[in-house]
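# Structural description and commentary
Take a look at the letters that make up each chain.
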Amino acid sequence: MNFQMRFHLEKTETMNRIASSITILILTITNLMAIQIPEKPYPPRLVNDLAQMLSPEQVAALENKLVAFSNSTTTQIVVITVKSLNGTEKSLFATEIGHQWGVGQGDFDNGIVLLVKEQTPEESGEGFIATGYGR
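To start, this report covers the structure provided alongside it. Every value quoted in this text rests on a predicted model; they were computed, and no experiment measured them.

## A look at the environment of Ser124
- When you line up the elements, Ser124 lands in the loop between β3 (111–117) and β4 (126–132).
- For Ser124, a relative accessible area of 48% puts it in the partly exposed group.
- When sequence neighbours within four positions are dropped, the list of residues in contact with Ser124 reads Lys117, Glu118 and Gln119.

Written out as structure tokens, the structure is:
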């Protein structure tokens, strides 16, 4: 194979890699924009039982424990239950909650999101633990 042919093949391979990378980037950005993350509650809470899987007493007890843990360690743990992931992969859903809600302290990157998706007759229950990076 002569130099010109080899150069042309290498140039074509490089262009194909760049095109593939751009396509992956566009798909990733499109997926992130399509994710329907619940609004951050106001006032902020550490226990967010959107699927109503817990009793009010359980929510209050867990909230008290997580607030005490956060106050004593500065590590923030947020628990969220949801009825649906809206077609989003659980890892991406939980990670986006951590980012959008600002879970943890920005100086320490010490947030944790505990996501629980309730089981329904149509779908299995799911769970995921993700890090939050604070703000």
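## Points about helix α2 (residues 56–73)
- Helix length check: α2 (18 residues) gives 26 Å between terminal C-alpha atoms against 26 Å at 1.5 Å per residue, within 8%.
- Structurally, α2 contributes buried residues whose contacts are with β1 (47–49) and β2 (76–82).
- Positioned one or two residues after α2, Thr74 has a phi angle of 70 degrees, which is positive.

## A word on the pairing of β2
- Most of β2 is tucked away, with 6 of its 7 residues classed as buried.
- Sheet analysis places β1 next to β2, joined by 3 bridges and oriented parallel. Paired with Asp49 across the strands is Thr81, a residue of β2.
- In this fold, β1 hands off to α2, which returns the chain to β2; that crossover is left-handed.
- Sheet topology places β2 next to β3; 7 bridges connect them, and they run parallel. The partner of Ile80 across the bridge, within β3, is Leu115.
- The parallel pair β2 and β3 is bridged by helix α3 (residues 90–101), and the resulting crossover is right-handed.

## Section: the pattern of salt bridges
- One pass over the structure, following the stated rule, counts 3 salt bridges.
- The salt bridge partner of Lys83 is Glu118, with a shortest N-O separation of 3.5 Å. With Lys83 in the loop between β2 and α3 and Glu118 in the loop between β3 and β4, this residue pair connects regions lying 35 residues apart in the sequence.
- Since its relative accessible area comes to 18%, Glu118 is described here as buried.

Parameters at a glance
- Residues numbered from 1 in each chain as written.
- Predicted model: local features only at pLDDT ≥ 70, side-chain atom pairs only at ≥ 80, totals over all residues.
- Heavy atoms only, no water.
- Helix = DSSP H or I, 4+ residues; strand = E, 2+ residues; numbered from the N terminus.
- Buried < 20%, exposed > 50% of the residue type's maximum accessible area, 1.4 Å probe, protein only.
- Contact = heavy atoms within 4.5 Å.
- Expected span 1.5 Å × (residues − 1).
- Pairing = 2+ DSSP bridges.
- Right-handed = clockwise from strand over helix to strand, strands pointing away.
- Salt bridge = Lys/Arg side-chain N within 4 Å of Asp/Glu carboxyl O.

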